[in-house]
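# Summary of the model geometry
Okay, here's what each chain looks like letter by letter:
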Amino acid sequence: MAVADAFRRMLAGPAASTGAASDPAGADAPPVASARAAEDLDLEVRGGNVEPVAPAPQPVALEPYVPRGLTVAAGFSWRLLVIAAFVLGVMWLAGYFSAVTVPVVLAVLLAAMLDPVKQLLVRLRVPPMGASALTLLGMIVFIAGVLTFVGAQVAQEGPQLVDMFGAGIDSLMQWIRTLPFAVDQSSLDGWIKQGLDWLRTQATALASGVASAGIAFGNFAVGLLTCLITTFFLLGQGRTIFTSALGLLVPRRYRAQTDAASQRGWTSLVAYMRAAVIVALVDAAGVALAAMILGVPLVSALFALTFFLAFIPIVGAVTAGAVAVLLALVSHGWVSALIMLGAVILVMQLESNLLQPLVMGKAVNLHALAVILGITVGGVLGGILGALLAIPTLAFLVAFVSSLRNDEVEALPHL
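Remember, it's a predicted structure, so these values are computed and weren't measured experimentally. Numbering of residues starts from 1 in each chain and follows the order in which that chain's sequence is written. Confidence filtering applies because this is a predicted model: local features only for residues at pLDDT of at least 70, side-chain atom pairs given and counted only at 80 or more, and all residues used for totals across whole chains, interfaces and linings. Where side-chain values are given, they derive from all heavy atoms of the structure, hydrogens and water being excluded.

## A few points about the overall build of the protein chain
Selection criterion: Strands are runs of DSSP state E lasting at least 2 residues, helices are runs of H or I lasting at least 4, and numbering of each runs from the N terminus. For every residue, the accessible area obtained with a 1.4 Å probe (protein chains only) is divided by the maximum for its type, and the residue is called buried under 20%, exposed over 50%, and partly exposed between those limits. In what follows, residue pairs with any heavy atoms lying within 4.5 Å of each other are defined as contacts. Each accessible area value is a Shrake-Rupley result obtained with a 1.4 Å probe; residue values ignore everything except the protein chains displayed when judging cover.
Broken down by element type, the protein chain carries 13 helices and two strands. Within the protein chain, the fraction of its 415 residues that count as buried is 28%. The contacts of the protein chain with a sequence gap of at least 6 include a subset with a gap of at least 24, amounting to 67%. Carbon together with sulfur atoms contributes 73% to the accessible area of the protein chain, which is approximately 26300 Å² in total.

## A look at helix α9 (residues 252-294)
We count it as follows: In this analysis, the expected span of each helix is defined as 1.5 Å times one less than the number of residues it contains. Here the bend at a residue is taken as the angle between two axes, fitted respectively to the seven residues that end there and the seven that start there.
The end-to-end C-alpha separation of α9 is 63 Å, in line with the 63 Å expected for 43 residues at 1.5 Å each. For α9, the principal kink sits at Thr-258 and spans about 25 degrees. In the segment just after α9, Gly-295 is the residue with positive phi, at about 75 degrees.

## Things to note about the layout of surface pockets
The method is simple in principle: a probe with the dimensions of a water molecule rolls over the atoms, and the space it marks as empty is what remains. Convention followed: As defined here, a cavity is a set of points on a 1 Å grid over the protein atoms alone where a 1.4 Å probe fits but cannot get out. A pocket is an open set with protein on both sides within 12 Å along at least five of seven lines, and residues line them when an atom is within 4 Å of a point. Grid points are joined across faces, edges and corners, and a volume is the space filled by probe spheres set on the points. Classification used: nonpolar for Ala, Val, Leu, Ile, Met, Phe, Trp, Tyr, Cys and Pro, charged for Asp, Glu, Lys and Arg, polar for all others including Gly.
Empty space within the largest pocket amounts to approximately 2300 Å³. For the largest pocket, the lining is made up of 47 residues, of which Val-90, Val-105, Thr-393, Phe-396 and Leu-397 are closest to its centre. Sorting elements by how many residues they give to the lining of the largest pocket places helix α13 (residues 368-405) first, with 14 residues. Looking at the lining of the largest pocket, its residues break down into 32 nonpolar, 14 polar and one charged. In this model, the second largest pocket occupies a volume close to 1600 Å³. If you trace the second largest pocket, you find 42 residues lining it, with Leu-106, Leu-110, Ile-143, Leu-224 and Cys-227 closest to the centre.

## Focus on the packing of aromatic side chains
Under the convention used in this document: Ring pairs are drawn from Phe, Tyr and Trp, using the six-membered ring of Trp, whenever the two centres fall within 6.5 Å, and their geometry is named by plane angle: stacked under 30 degrees, edge-to-face over 60, tilted for the rest.
Under the counting rule described, the total for this entry stands at six aromatic pairs. Ring plane angle 20 degrees and centroid distance 5.5 Å describe the contact between Trp-92 and Tyr-96, whose orientation is recorded as stacked. Taken together, the positions of Trp-92 and Tyr-96, both in helix α4 (residues 68-96) and four residues apart, correspond to about one turn of that helix. Across the pair, exposure class does not vary: Trp-92 and Tyr-96 are exposed alike. When the centroid spacing of 5.4 Å and the interplanar angle of 85 degrees are considered together, the rings of Phe-307 and Phe-311 count as edge-to-face. Of the two residues, Phe-307 and Phe-311, both sit in the buried class. Within the aromatic cluster, the residues linked to one another by ring pairs are Trp-92, Tyr-96 and Phe-97.

## Structural notes on the nonpolar core
Operational definition: Here the nonpolar core consists of buried residues drawn from Ala, Val, Leu, Ile, Met, Phe, Trp, Tyr and Cys, with membership extended through side-chain atoms lying within 4.5 Å.
Membership of the largest hydrophobic core comes to 23 residues, with the highest contact counts inside it found for Ala-112, Met-139 and Trp-266. For this core, the elements supplying multiple residues, two or more each, are α5 (98-123), α6 (128-177), α8 (203-249), α9 and α13. No other element matches α5, which puts six residues into this core. Ignoring anything within four residues of it in the chain, the contact list for Met-139 reads Leu-110, Leu-114 and Leu-228.

## Quick look at α5
The terminal C-alpha atoms of α5 lie 36 Å apart, and with 26 residues this matches the ideal 38 Å at 1.5 Å per residue to within 8%. At Leu-114, α5 shows its largest bend, some 45 degrees, and a proline, Pro-116, comes one to four positions later. Inspection of α5 places Pro-103, Ala-107, Leu-109, Leu-110, Ala-111, Ala-112, Leu-114, Asp-115, Lys-118 and Leu-121 among the buried residues, and these make up the whole buried set. Positioned one or two residues after α5, Arg-125 has a phi angle of 75 degrees, which is positive.

## Some details on the pattern of salt bridges
To keep things clear, this is the line we draw: For this analysis, a salt bridge means a side-chain nitrogen from Lys or Arg found within 4 Å of a carboxyl oxygen belonging to Asp or Glu.
As enumerated under the stated definition, the model contains one salt bridge in all. Arg-239 is paired through a salt bridge with Asp-259; the nearest N and O atoms lie 2.9 Å apart. In this pair, Arg-239 is assigned in helix α8 and Asp-259 in helix α9, connecting sequence segments 20 residues apart.

## Description of the packing of α5 against α9
A pair of packed helices is captured by two measures, namely the crossing angle of their axes and the spacing between those axes. Let me state the cut-off plainly: Only the stretch in contact is used when fitting a helix axis, every axis being a line fitted to C-alpha atoms; angles between N-to-C directions are given from 0 to 180 degrees. Angle categories are assigned with fixed cut-offs, so that under 35 degrees is roughly parallel, over 145 is roughly antiparallel, 65 to 115 is roughly perpendicular, and the rest are oblique.
Two elements in contact, α5 and α9, have axes whose closest approach is 8 Å; the angle formed by their N-to-C orientations is 80 degrees. Judged by the angle between their axes, α5 and α9 are roughly perpendicular. Mapping the contact onto sequence places Val-108, Leu-109, Ala-111, Ala-112, Met-113, Asp-115 and Pro-116 in α5 and Trp-266, Leu-269, Val-270, Met-273, Arg-274 and Val-277 in α9. Of the residues that constitute the contact of α5 with α9, the class distribution is eleven nonpolar, no polar and two charged.

## Quick notes on the confidence of the model for the protein chain
Selection rule: The quantity known as pLDDT measures the predictor's confidence residue by residue, on a range of 0 to 100.
Looking at the protein chain, the pLDDT average stands at 76 and 66% of residues meet or exceed 70. Model confidence for the protein chain, summarised as mean pLDDT per element, is weakest for helix α2 (residues 14-22) at 46 and strongest for α5 at 90.

Right, dumping it as structure tokens:
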């Protein structure tokens, strides 16, 4: 009891000591100030005794109970989810504004493919904008000339090809009749009549399809014009456009490193497109040579078709080879078709085992498995266009990320 009184007098100060001496009754009741001070010191006055108050319970940290690997995996997981959400959002916006994004992306690929020609003209003292105009005009004249030549050959050999196709169908029908489960002529006539009746019932749908095709052609023309204009400015003022976008979107302290990484990615993209042109020319020449030896019609059309489709990895080569085999089958029978199939397979094997390592391997540091998976993912996400853009995008990203990781800031060739 005496200890409690002394502690209360100490907390109350001199005034409390004086009051206790003059008023003995006040010594029995603890002052209010003493009780509040005791509460502030996490003490509690109970029955005249001062006792410590139990501290409030604190949350238990999980780190001692969660494995370190799980903590790191969780950190990576939510960050990857954020990145995936950002990428999906960008893809959704790109799809929503496809009338603009698709021509611009194709213009970037065209600029990368035509950049060596433009740089050659610049070295010949041609102004950059003039070099860009000449390069783009040369590409348009080349494509128009190829299409004109192919169209003239198709118009010249078209009637003969139609006759060959009819003869091939007749041979096919005769072969079907020789099978053990031979189909008689009446059954074949019935199937043909059903097909014609179905086409007559679909006249309205075909008319609406023609109207939709007209709208699609209009959209294609607008997109083509946008692509050509964008390609012209990217060739002539690409460096200025990129520098302005870099200063607007990237903080100052990261601009030098981002600029170096972007130029490294651009260099890889240009190398990829140059290698893709070489590979496409070799594929087209191989298929056209085999068709010429076998006497298959429309050799120039096969050359042009194989060249343009070769820019779509795997899918384009398979499609062009199937067309070549079908022409050989219709024109000369199944023996020539088998020989043509062997020639196409040989050309594709030479491309994958010789040209790809020698030409494409030096341009793009991508494993064959990465190429196949990239084309598959691109095809699933964007169809034919996604398959076309998958490898160029991977080529740019691999070079860009590699440059950032290696902290390369040396000067690289400009756009």
